[in-house]
There are 2 protein chains.
Amino acid sequence: MNMVHLSRFPVQFGRRLYSAPASGAIPAAKKKYVPTSGTYPQGFKVSGTVVGVKPSNTTKPDLAFITSDRPCAAAAVFTKNKFQAAPVTFSRNLLQLRKNAGLQGVLINSGCANAVTGKGGLEDAEAMAGAADKSLGANKATIVMSTGVIGQRLPIKKILDNVPAAFERLGGSHDHWMSCATAICTTDTFPKLISKSFGLPSSPSTEYRIAGMTKGAGMIHPNMATLLGVIATDAPISSTVLPSLLKNAVNKSFNSITIDGDTSTNDTVALLANGAAGGAEITSESSEDYRAFQAVLSDFSTDLAKLVVRDGEGATKFVTIRVEESSSEEGARRIASTIAKSPLVKTALYGKDANWGRILCATGYSMITEPGAPENEVTEIIPEKTNVSFIPSDGSAELKLLVDGEPETVNEERAAQILEHEDLEILVRLGTGKEKATYWTCDYSHEYITINGDYRT
Amino acid sequence: MNMVHLSRFPVQFGRRLYSAPASGAIPAAKKKYVPTSGTYPQGFKVSGTVVGVKPSNTTKPDLAFITSDRPCAAAAVFTKNKFQAAPVTFSRNLLQLRKNAGLQGVLINSGCANAVTGKGGLEDAEAMAGAADKSLGANKATIVMSTGVIGQRLPIKKILDNVPAAFERLGGSHDHWMSCATAICTTDTFPKLISKSFGLPSSPSTEYRIAGMTKGAGMIHPNMATLLGVIATDAPISSTVLPSLLKNAVNKSFNSITIDGDTSTNDTVALLANGAAGGAEITSESSEDYRAFQAVLSDFSTDLAKLVVRDGEGATKFVTIRVEESSSEEGARRIASTIAKSPLVKTALYGKDANWGRILCATGYSMITEPGAPENEVTEIIPEKTNVSFIPSDGSAELKLLVDGEPETVNEERAAQILEHEDLEILVRLGTGKEKATYWTCDYSHEYITINGDYRT
């Protein structure tokens, strides 16, 4: 078997157009986020294969194949963008047809998004799934994903011709998973893969495992940011409850991160459960096992989603926005997301500037209606009850910036120390209720502009 | 009278922290937007005075005084931000108290926003208005505005001490208006002032005049972008219909521009009408004069608002987003505003990149609900009916990028030519109805990051 050993076969990570490290290696500061080993779920085999979807790519795996040796329950959440890519349409339809059961594979290409490609694009997505099914000896059992350039057709022959090779390379080792996680990346500077073991109340002696990979927001013209994620577990979970487990987990993880607020045409996160580890199947949303797995999956999804923010384009900061004491969860969520997306907040973070005025400003406009629409009542925000603090990542005491609507005299030296760290938490306490929400974001740097304003000359 | 002749008294325009022209003069490329003469409404006298609200400022007028020799009908629209600055609260209350009639002055300082300053800040706003009233021999007749640093108290004594000087300097010449328009600026690179004459159907022989000034999005830590605008006319308009005239005009002008999507705590646009030119008063929303003045005011406000975008922080492009053939006006507006705010679109424009994928992507996510909320039905967007084109600013033929959902083979040379111009129009035709909306925006450049990430060292 032609295993890809990353150590022997250096992949061009960190090779964004704007600042290519000469080595093509993973940036030193990011190495700590890349595991050197893992505990992977039983019954799953994966591979990454160099296809050359982009003709210029001759070294980076760009076809990822995730398979199970037995049928899985499978669920996926897709972008709500009205312009949905062909693989999104195809995979959504397939999961509906199969009622979330009987799936065995996920085939993913990077380098071309197969988006806005019309009827031909849909045929390409079907052909990819068909080739994967054939190699697995299955029927209508493979969902597909694509990420990369929009508006271009896939080099479909090249991909189809390589599916047998992708099948031949399948394996369950750490290197296999790493190669597979590498294959879904585009301009990410490091592959995003995590795995862990967990237990379930009903089978205390069984070790269950979960592994997942994701890719972040990166683009070289004319791509757009795409988020893809695949999570696999050997826990036994019924197809009837899998969709709700995934949806709950994604809402507070992948749906709570932002790089630039732009929602892609291809975003997809899929969850496969093959039950290979044995034990009682989770069939009811009211069972103890369901709640236990929900907690595991939610935490796991959050860890995975955070890696996307860590690798945000041009990002120098990893920022957690916590909004607490809100009179509504929706309000807390909207305020957190507005702060997380505000260009003024994001540039201030880049500038290491304790600019609570911008945080407050974003809070203040987060709940207002569009111009022209009637004014709405906002019960979540009462200026006199609003508190804003920085929570340092080194565990030291919080730095209060605004207390009950009154500005604090900020110790600038202390603020500067806190903002020197890569990680920061911004805590907004609204004082109007008990609901809360968390968002994760990064800063806007010159490199963000360079990457996305990339001249095509 | 101590008139400020700009020609003799060079003001430090163009002096943004990040790229100060050595001369402190208006950048050459912006000079065409600064008038050298004007036709100003009768009965209004204005001034700009150097107060030194920021101690470092010793040369730029920073106190603007707009007065009428007789009581005016007055209306204003204010920010919807929940954290409203003291001058916003004060002026809103005053206009309510006066029922939009009997106003005679607007006093504006730059350099300090008097925002998030508690009870003391409100007292400062009252004191400013009181000093202006006293100089005018009026009572409860002056509204106030502030723009600049947030969270700091005004140097109120300095301001109050200078109100008599501001009154002494009042005059109606072009230089007076230019000095006044200069006084409301912060890091704008040029003053924004326009004026024009118009007629009304009921008084065909009367020449009416309208003049207005505005300021744009600029900040030096820890300011936030503030939009202020004052429009004065000598047409006779009843206080009962003035608010609706202003609201209608602002919705399609000031409320249809974006620099970065951040809505400030201080945004205010005021309209004063003193009737000094004579003729029949406009008292009914169904009159021909009302409709005629609405058209004049809407166009005028649009011209004024566009100047703000022209001077957007770090902007190299002036971009009109037109969304047409929508099944709803609200939808058209939201799509236009989403494209206008998208960091991916704005960086592509900076990079002169004909990246229709990003325009389409923003269109596709503009109507979707927040994560966690149920999916909504979107009738405005049908991918197969969507068209995207660039309309060149030189009057040459449109460049079609997407036709009925199918990508065009784009002539890259032609696209590059079109994108070389400062001005560009992006036209999105939805093919689902007859409603439309227009937004104006600028690009995101490295300078935007530099300005707003401004290190405080």
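Not measured: the values here are computed from a predicted model. (Residues numbered from 1 in each chain as written. Chains lettered and ligands numbered in written order. Predicted model: local features only at pLDDT ≥ 70, side-chain atom pairs only at ≥ 80, totals over all residues. Heavy atoms only, no water.)

**Considering the sheet that holds strand S10 (residues 318–326) of chain B**
Residues and elements named next belong to chain B.
Logical step 1: In spatial order, the strands read S8-S15-S10-S14-S11-S12-S13; together these seven strands make up an open sheet with mixed pairing. Each edge of the sheet is formed by a strand with only one pairing partner; in this case those strands are strand S8 (257–258) and strand S13 (406–407).
Logical step 2: When strand S11 (residues 387–392) meets strand S12 (residues 399–403), the two strands line up antiparallel, connected through three bridges. Bridge assignment links serine 389 to a residue of S12, and that residue is lysine 400. (Pairing = 2+ DSSP bridges. Helix = DSSP H or I, 4+ residues; strand = E, 2+ residues; numbered from the N terminus.)

**A short note on the confidence of the model for chain A**
Residue and element names in this part refer to chain A.
Logical step 1: Averaged over chain A, the pLDDT score is 86; the fraction of residues at 70 or greater is 89%.
Logical step 2: By mean pLDDT, the top-scoring element of chain A is helix H3 (residues 156–168) (98), and the lowest-scoring one is strand S8 (residues 257–258) (74).
Logical step 3: Low pLDDT, under 50, characterises residues 1–23; the stretch is placed with 60 contacts to residues that sit more than four places away or in other chains.
Logical step 4: Considering only residues more than four positions removed or in separate chains, one finds that residues 218–224, a stretch of pLDDT under 50, has 34 contacts.
Logical step 5: ipTM for the predicted complex: 0.73, alongside a pTM of 0.80. (pLDDT = per-residue confidence, 0-100. Contact = heavy atoms within 4.5 Å.)

**A closer look at the pairing of S10(B)**
Residues and elements named next belong to chain B.
Logical step 1: Most of S10 sits inside the fold, with seven of its nine residues counted as buried.
Logical step 2: The pairing of S10 with strand S14 (residues 423–429) spans seven bridges and is classified as parallel. For threonine 320, the partnering residue across the bridge sits in S14 and is glutamate 425.
Logical step 3: Two elements, S10 and strand S15 (residues 435–442), share seven bridges in a ladder whose sense is antiparallel. (Buried < 20%, exposed > 50% of the residue type's maximum accessible area, 1.4 Å probe, protein only.)

**Here we look at the packing of aromatic side chains**
Logical step 1: Taken as a whole and assessed by the stated rule, the structure comprises eight aromatic pairs over all chains.
Logical step 2: Residues Phe198(B) and Phe293(B) carry aromatic rings whose centres are separated by 5.6 Å and whose planes lie at 50° to one another, so their mutual orientation is tilted. A residue pair is termed long-range when its members are at least 10 positions apart, and Phe198(B) in strand S5 (residues 192–200) and Phe293(B) in helix H6 (residues 288–310) qualify at 95 residues. Summarising the burial analysis for this pair, Phe198(B) and Phe293(B) share the class buried.
Logical step 3: Put simply, the rings of Phe198(A), Tyr208(A) and Phe293(A) touch in pairs and so form one group of aromatic residues.
Logical step 4: When the ring centre of Phe190(A) is taken as origin, the NZ or CZ atom of Lys192(A), which lies over that ring, is 4.3 Å away. (Phe/Tyr/Trp six-rings, centres within 6.5 Å; stacked < 30°, edge-to-face > 60°. Lys NZ or Arg CZ within 6 Å of the ring centre and 35° of its normal.)

**Side note on the pattern of salt bridges**
All names here are of chain B.
Logical step 1: Applying the stated criterion across every chain, the model contains 28 salt bridges over all chains.
Logical step 2: Ionic pairing is found between glutamate 207 and arginine 209, a salt bridge with its closest N-O pair at 3.5 Å.
Logical step 3: The class of arginine 209 is partly exposed, set by a relative accessible area of 24%.
Logical step 4: Between glutamate 324 and arginine 322 there is a salt bridge, and its shortest N-O distance comes to 2.4 Å. (Salt bridge = Lys/Arg side-chain N within 4 Å of Asp/Glu carboxyl O.)

**A short note on the environment of Tyr33(B)**
Residues and elements named next belong to chain B.
Logical step 1: Inspection of the secondary structure assignment puts tyrosine 33 in the segment before strand S1 (44–49).
Logical step 2: Residues within four places of tyrosine 33 in sequence aside, it is in contact with Phe190, Leu307, Arg310 and Glu422.
Logical step 3: A polar atom in the side chain of tyrosine 33 sits 3.2 Å from the side chain of arginine 310. (Polar contact = N/O pair within 3.5 Å; in protein donor to acceptor, adjacent residues only side chain to side chain.)

**So, helix H4 (residues 174–183) of chain A**
Residues and elements named next belong to chain A.
Logical step 1: Buried residues dominate H4, accounting for nine of its ten residues.
Logical step 2: Restricting attention to buried positions, one finds in H4 the residues His174, His176, Trp177, Met178, Ser179, Cys180, Ala181, Thr182 and Ala183.
Logical step 3: The inward-facing, buried residues of H4 contact strand S1 (44–49), strand S2 (63–78), strand S3 (103–112), strand S5 (192–200), strand S6 (203–215) and strand S7 (228–233).

**Some thoughts on the UniProt feature "binding site: substrate" (unreviewed entry) in chain A**
All names here are of chain A.
Logical step 1: Here, the residues flagged by UniProt with the feature "binding site: substrate" (unreviewed entry) are Thr186, Lys215, Thr226, Glu313, Asn452 and Thr457.
Logical step 2: Locating threonine 186 in the fold gives a position in the loop between H4 and S5.
Logical step 3: By secondary structure assignment, the location of glutamate 313 is in the loop between helix H6 (288–310) and strand S10 (318–326).
Logical step 4: Residue class for glutamate 313 comes out buried when judged on its relative accessible area of 0%. (UniProt positions renumbered as here; feature names shortened; annotations may be inferred.)

**Things to note about the domain arrangement of chain A**
All names here are of chain A.
Logical step 1: By the assigned domains, chain A splits into domain 1 (28–311) and domain 2 (318–454).
Logical step 2: One C-alpha centre belongs to domain 1, the other to domain 2; they are set 32 Å apart.
Logical step 3: Taken together, the 18 residues of domain 1 in the interface contact 18 residues of domain 2.
Logical step 4: Each partner contributes to the roughly 1500 Å² buried at the junction of domain 1 and domain 2, and carbon and sulfur atoms together form 51% of this total.
Logical step 5: Together, Ser256, Thr258 and Arg310 form the three largest contributors to the area buried by domain 1 at its contact with domain 2, with a combined 33%.
Logical step 6: Taken together, domain 1 and domain 2 are joined by three salt bridges.
Logical step 7: For the salt bridge of glutamate 422 with arginine 310, the shortest nitrogen-to-oxygen distance reads 3.0 Å.
Logical step 8: Listing elements by their share of the side of domain 1 that touches domain 2, those giving two or more residues are S8 and H6.
Logical step 9: Of the residues forming the side of domain 1 that touches domain 2, the biggest block, four residues, is contributed by H6. (Domains from an automatic or database assignment. Buried area = accessible area lost by both parts, 1.4 Å probe.)

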